[in-house]
Amino acid sequence: MNSDAGGTRRRVNISDVAREAGVSPTTVSHALNGRGQVDLRTRKRVESAAAKLGYRPNRHAQRLRTGEAHMIALLSSMPFAIAGGPSRLGFLMEIAAVAATAALTRGLALVLAPPMENGAVPLELLDVDGALVVEPSAHDPNIEVLQQRGLPVVAIGRQPGSGNTVPFVDIHSAETTQRLLDHLDAQGARRVAMVLGSAQRNSYLEAEATYRAAVDRRGAPCLLVRADEQQGEAGGYQATMALLSGHPDIDAFCVPVDAFAVGTVRALHDAGRRIPQDVMVVTRYDGLRAQTCEPPLTAIDMCLEQTANLAVDLLFEHLRGDGTTRSVSGPETRLVPRASSLR
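Residues numbered from 1 in each chain as written. Predicted model: local features only at pLDDT ≥ 70, side-chain atom pairs only at ≥ 80, totals over all residues. Heavy atoms only, no water.

Caption draft 1: Seen up close, the packing of helix α2 (residues 25–33) against helix α3 (residues 40–53). Axis separation between α2 and α3 bottoms out at 9 Å; the angle between their running directions is 95 degrees. By the criterion of interaxial angle, the relationship of α2 to α3 is roughly perpendicular. Two secondary-structure elements touch here, α2 through T27, V28, H30, A31 and L32 and α3 through T42, R43, V46, E47 and A50. (Axes fitted to C-alpha atoms, helices over the stretch in contact; angles between N-to-C directions. Helix = DSSP H or I, 4+ residues; strand = E, 2+ residues; numbered from the N terminus. Parallel < 35°, antiparallel > 145°, perpendicular 65-115°, else oblique. Contact = heavy atoms within 4.5 Å.)

Caption draft 2: Looking closely at the sheet that holds strand β8 (residues 192–197). Strand order across the open sheet formed by six strands is β9-β8-β10-β11-β12-β14, with mixed pairing between neighbours. Of all the strands in the sheet, the pair left with one neighbour each is β9 (223–227) and β14 (334–336). When strand polarity is set aside, the average angle formed by the axes of neighbouring strands in this sheet is 20 degrees. When strand β11 (residues 280–285) meets strand β12 (residues 298–301), the two strands line up parallel, connected through two bridges. Looking at the pairing, V282 lines up with T298 of β12. In the packing of helix α11 (residues 258–270) onto the sheet, the strands contacted are β8, β9, β10 (252–254) and β11, and the crossing angle to β11 comes to about 165 degrees. (Pairing = 2+ DSSP bridges.)

Caption draft 3: Layout of the sheet that holds strand β7 (residues 168–170). Taken together, six strands build an open sheet; the order of strands is β4-β3-β5-β6-β7-β13 and the sheet is parallel. Of all the strands in the sheet, just β4 (109–112) and β13 (327–329) have a single pairing partner and so form its edges. Within this sheet the neighbouring strands show an average axis-to-axis angle of 20 degrees, counted without direction. Of the strand pairs in this sheet, strand β3 (residues 71–76) and strand β5 (residues 130–134) are connected by five bridges, and their pairing is parallel. What sits directly across from I72, in β5, is G130.

Caption draft 4: Here's a closer look at the pairing of β8. By the criterion of burial, β8 is predominantly enclosed, with six of the six residues buried. In β8, alternate side chains face the same way, and those of V192, M194 and L196 on one face and A193, V195 and G197 on the other are all buried. Sheet topology places β8 next to β10; three bridges connect them, and they run parallel. Paired with A193 across the two strands is F253, which belongs to β10. As paired elements, β8 and β9 share five bridges and run parallel to each other. Bridge pairing links A193 to L223 in β9. In this view, the connection linking β8 to its parallel neighbour β9 by way of helix α9 (residues 202–218) has right-handed handedness. (Buried < 20%, exposed > 50% of the residue type's maximum accessible area, 1.4 Å probe, protein only. Right-handed = clockwise from strand over helix to strand, strands pointing away.)

Caption draft 5: Expanded view of the environment of G287. Following the sequence through the fold, G287 ends up in the loop between β11 and α12 (288–292). We classify G287 as buried; its relative accessible area is 3%. Between the C-alpha atom of G287 and that of A299, which follows or precedes it by 12 residues, the distance is 8.4 Å.

Caption draft 6: How the structure looks around helix α13 (residues 304–319). For α13, spanning 16 residues, the distance from its first C-alpha to its last is 22 Å, which sits close to the expected 22 Å at 1.5 Å a residue. The first or second residue beyond α13 is G321, which carries a positive phi of 95 degrees. (Expected span 1.5 Å × (residues − 1).)

Caption draft 7: Spotlight on the packing of helix α8 (residues 173–186) against α9. Contact pair α8 / α9: the axes reach a minimum separation of 8 Å and the direction vectors enclose 40 degrees. The angle between α8 and α9 falls in the class oblique. Considering how the two elements wind past one another, α8 and α9 form a crossing that is right-handed. Residues S173, A174, T177, Q178, L181 and D185 of α8 lie in contact with α9, whose contacting residues are S203, E206, A207, T210, Y211, A214, R217 and R218. Of the residues contributing to the contact of α8 with α9, the split by class is five nonpolar, five polar and four charged. (Left-handed = near helix turned anticlockwise from the far one by under 90°. Nonpolar A, V, L, I, M, F, W, Y, C, P; charged D, E, K, R; others polar.)

That's the geometry; what it means functionally is another story.
Encoded structure:
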């Protein structure tokens, strides 16, 4: 606040910031709202002046003046059977809870686009300034639509085949898969099978490459099948039954997708296999499915709170016109061992 001639306190306005920074009010507006062409040095000078004077932009006035939404979307092309989870809680919702708070602190509202049956979100219905996309596929239809509209996009998990054109937060799928395989090895597993989704997602590609390298080093058979994401738990069930019929001596399943992993557990029960005495099961995401499965599933704490914050930070940079940073390393994950693999 500044004082007027009568000594009363008044609200600092954009002209005050402009005088302090030595620029025009228009430049201040563009610098603080991420609009127009403002070089990074000028933007930082304006931000410093605004912080010094305690300037807070009037968001309501901005919306009336510009008609802009000041909103970002969170979405995924994974179908509901994978992304939703029991009681509509799952990977996507956990990220949404944190991302909504992180966005709000930056003056942005977050719109959660719920997972659809076919993975395609009706983006023409959303008036947003940018988007976070969870684990996009190689030719993700949602990203294509967003880019055609000229909107900034940040992926949580690298988009395969994109040549890093889509900024992303690296969720370290190869390292996560290796951590699961090392755990199974320590528990005595010798014939490990893997069930993956059929879509071209980077997490699947990295998991497959890590698994193939691991079994090759040990001289073990490669027992890998892919399941249709839209089938959810049923896809995991069918894939597991198919593997067991051809390879009854399998003693462990590494199933990164939690919905598939629950289907694997059900298939093992129906096949009369004891978990973990006969066959161990591990999955990636330590969510509600893993925690409430019977037995509870060994999983990975993916530190999604930190991941979501990093993703919002990166998207905010791009919304402000600073596209320098193309990727950010996500937090280190940790194994959560449970009854499904502890012998």
